[in-house]
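A structural walkthrough
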Amino acid sequence: MTDVDPRIAFFNQHADNWDTYGPPVEQTLRRLEELKPMLNLQPGWSVLELGCGTGQVTGWLAGQVRLGSVTAVDFSPGMIAKCRERDVEAVFRCLDVCT
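What you are looking at is a predicted structure, and each value in this text was computed from that prediction instead of being measured.

**Looking at the overall build of the chain**
What the chain contains, in helices and strands, is four helices and three strands. Going from the N terminus to the C terminus, the chain shows its helices and strands as α-α-β-α-β-α-β. Computed over the C-alpha atoms, the radius of gyration of the chain is 14 Å, within 12% of the 13 Å expected from 2.2 N^0.38 for a compact globule of 99 residues. Dimensions along the principal axes, computed over C-alpha positions, put the chain at roughly 40 × 25 × 25 Å. Within the chain, buried positions represent 34% of all 99 residues. Partitioning the intrachain contacts of the chain with sequence separation of at least 6 by distance along the chain shows that 47% fall at a separation of at least 24. Accessible area for the chain stands at about 6300 Å²; split by element, carbon and sulfur atoms hold 55% of it. For the chain, the distance from the average site of its 9 positive side-chain charges to the average site of its 13 negative ones is 5 Å.

About the thresholds
- Residues numbered from 1 in each chain as written.
- Predicted model: local features only at pLDDT ≥ 70, side-chain atom pairs only at ≥ 80, totals over all residues.
- Heavy atoms only, no water.
- Helix = DSSP H or I, 4+ residues; strand = E, 2+ residues; numbered from the N terminus.
- Rg over C-alpha atoms; globule rule 2.2 N^0.38 Å.
- Buried < 20%, exposed > 50% of the residue type's maximum accessible area, 1.4 Å probe, protein only.
- Contact = heavy atoms within 4.5 Å.
- Areas by Shrake-Rupley, 256 points an atom, 1.4 Å probe, with all protein chains shown as cover.
- Lys, Arg positive; Asp, Glu negative; His and termini not counted.
- Charge placed at Lys NZ, Arg CZ, Asp CG, Glu CD.

Next comes the structure, spelled out in structure tokens:
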């Protein structure tokens with residue numbers, strides 16, 4: 001996987017500022033709390049987060065399944081780098097799930 005793929009190049013280019021393009025992280029986390037009963041995540045579960053982007057949701061997921069695990073996947077090395085900066089207890093994988 002390289003920046004030859006224009007999709008990956010796009011997300012790599014915008015990774016540093018990605019969190020400023022959408023709703024504030026706090027708003028996203030509030031919405032997840034509202035959806036929590038419907039998601040029914042349980043401690044000890046293993047969760048796969050596809051298209052994790054900068055990891056806005058990754059830490060929240062890790063908190064819900066504590067003692068379990070979260071594997072966060074994105075095809076953009078830039079996005080994965082931003083995830084790792086959050087110092088969240090998760091496994092990060094840079095790969096394209098479509099291939």
